[in-house]
Amino acid sequence: MESRFRGVFLTCADAEATADFYRDVAGVPVEPVGSDDYTYWMLDLNGVQIALHDAKAFADYSFPPNPESNLTHLYFRIPDLQAFLNHVQDVSAPLIDVDDVVATVEDPDGRKVMFGTA
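Notes on the structure follow. Keep in mind it's a predicted model, so treat the numbers as computed, not measured.

Conventions we followed
Residues numbered from 1 in each chain as written. Predicted model: local features only at pLDDT ≥ 70, side-chain atom pairs only at ≥ 80, totals over all residues. Heavy atoms only, no water. Pairing = 2+ DSSP bridges. Helix = DSSP H or I, 4+ residues; strand = E, 2+ residues; numbered from the N terminus. Axes fitted to C-alpha atoms, helices over the stretch in contact; angles between N-to-C directions. Contact = heavy atoms within 4.5 Å. Salt bridge = Lys/Arg side-chain N within 4 Å of Asp/Glu carboxyl O. Buried < 20%, exposed > 50% of the residue type's maximum accessible area, 1.4 Å probe, protein only.

## What about the sheet that holds strand β5 (residues 73–77)?
Consideration 1: Read across the sheet, four strands follow the order β5-β8-β7-β6 without closing on themselves; strand pairing throughout is mixed. Both edges of this open sheet fall to β5 and β6 (95–98), since each of them pairs with a single strand only. Sheet twist, expressed as the mean angle between neighbouring strand axes with direction ignored, is 20°.
Consideration 2: Bridge analysis of strand β7 (residues 102–106) against strand β8 (residues 112–116) gives five bridges, and the strand direction is antiparallel. Counterpart to V105 in the pairing with β8 is V113.
Consideration 3: Each of β5, β7 and β8 is contacted by helix α1 (residues 15–26), which is oriented at about 15° to β8, the strand it contacts most.
Consideration 4: In the packing of helix α3 (residues 81–91) onto the sheet, contacts are made with β6, β7 and β8, and the angle to β7 comes to roughly 20°.

## As for the pattern of salt bridges
Consideration 1: A complete count under the given rule lists four salt bridges for this structure.
Consideration 2: Residue R23 pairs with D20 through a salt bridge whose shortest N-O separation is 2.7 Å. Note that R23 and D20 are positioned in helix α1 at a spacing of three residues, about one turn of the helix.
Consideration 3: Judged by relative accessible area, which is 30%, R23 ranks as partly exposed.
Consideration 4: Using a relative accessible area of 31% as the deciding quantity, one classes D20 as partly exposed.

## Points about the sheet that holds strand β3 (residues 39–45)
Consideration 1: Spatially, four strands are ordered β1-β4-β3-β2 in an open sheet, and the strand pairing comes out mixed. Two strands lie at the open edges of the sheet, namely β1 (7–12) and β2 (31–34), each paired on one side alone. Neighbour to neighbour, the strand axes of the sheet diverge by 30° on average, direction disregarded.
Consideration 2: As paired strands, β2 and β3 are joined by four bridges and run antiparallel to one another. Residue E31 lies in a different strand from β3, and its bridge partner there is M42.
Consideration 3: Packing of α1 onto the sheet brings it into contact with β1, β3 and β4 (48–54), and relative to β4 it is tilted by some 145°.

Structure representation (structure tokens):
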């Protein structure tokens, strides 16, 4: 059997606020998907999806979200670190750490999201 990586599901305290974060900070298109009964937010990056789900509606084990977790880090490649740092300041995203290659910000659920030139 062979499998193919399809995506990442992130559970969120407020999926719409988290969608706004990825749209505003990462500059990626995020769209609502689903129906009146269940809606989640999805971004598709070259066939790999990141799906943002309401933690309470997703599964019993995913609620409440644990912002203290250090297990999940997302990484986005950017062309220019200084330009990205200027952008982070413009959108008032919480900057956590910066080195020569990577800037780490925090999404509304406490996940560390890395943006780097490598």
